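Observations on the model geometry
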Amino acid sequence: MVSKRRQREYIGYRVYNTQRALHKSLEACVAAAGLTPGQWNLLSQLEEHGAMTQKQLAERLRKEQATVTRSIERLVQRGLVVRTPNPQDRRANIVEATPEASRLLAELEPAVARRNSELAEHISDEDLSVFFDVLDQIDANAARSLEEQ
């Protein structure tokens, strides 16, 4: 007989609840700049990895292309992102962060870094390293389970 688990014992439930709390925490950091956590993540990915197609960006963000397209549109309107036609594929656009986006991210960095430090308070570097390794393994296990379906 299979024992019945309480919801809080499931990895997905715990990670989801933690992710929601982290989202709200990041939201408090970036809201003053008029960004959502998703927009901040999108801009951060472009800043770190450079210009890319909307499809590549959607894959990196693990979001549906339509969702990313809407976010890009809002950021284009604010002058934080530019879209240019892809010279290799006229059906695709290249997305790039603007200098204004770089300035805004640099302005937000101290608050985001401070929040990150607060979240890691009372957790040793060794424990954080193990935590990140475990998250990576859970991520890989989840991806593999999707491929097997």
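It should be noted that the structure appears before, not after, this text.
This text gives an overview of the structure that appears in the document. (Residues numbered from 1 in each chain as written. Predicted model: local features only at pLDDT ≥ 70, side-chain atom pairs only at ≥ 80, totals over all residues. Heavy atoms only, no water.)

The sheet built from 3 strands is open, its strands ordered E1-E3-E2 with antiparallel pairing. A single partner strand is all that each edge strand has here, and the edge strands are strand E1 (52–53) and strand E2 (81–86). Direction of pairing for E1 relative to strand E3 (residues 89–97): antiparallel, over a ladder of 2 bridges. Counted as the bridge partner of Thr 53 is Ile 94 from E3. The strands touched by helix H4 (residues 65–77) are E2 and E3; relative to E2, the strand with the most contacts, the crossing angle is about 115°. (Pairing = 2+ DSSP bridges. Helix = DSSP H or I, 4+ residues; strand = E, 2+ residues; numbered from the N terminus. Contact = heavy atoms within 4.5 Å. Axes fitted to C-alpha atoms, helices over the stretch in contact; angles between N-to-C directions.)

What follows deals with the environment of Leu 22. Structurally, the position occupied by Leu 22 is in helix H1 (residues 11–30). As for Leu 22 and Leu 119, which are separated by 97 residues in sequence, their C-alpha atoms are 8.7 Å apart.

With the rule as written, the count across this model stands at 7 salt bridges. With a closest N to O distance of 3.0 Å, Asp 89 and Arg 91 form a salt bridge. Residue Arg 103 is joined to Glu 107 by a salt bridge in which the shortest nitrogen-to-oxygen separation is 2.6 Å. In this pair, Arg 103 and Glu 107 are both assigned in helix H5 (residues 99–119), 4 residues apart and thus about one turn of the helix distant. The network of salt bridges with common partners includes Glu 100, Arg 103 and Glu 107. (Salt bridge = Lys/Arg side-chain N within 4 Å of Asp/Glu carboxyl O.)

These results come straight from atomic positions and should not be treated as a statement about function.
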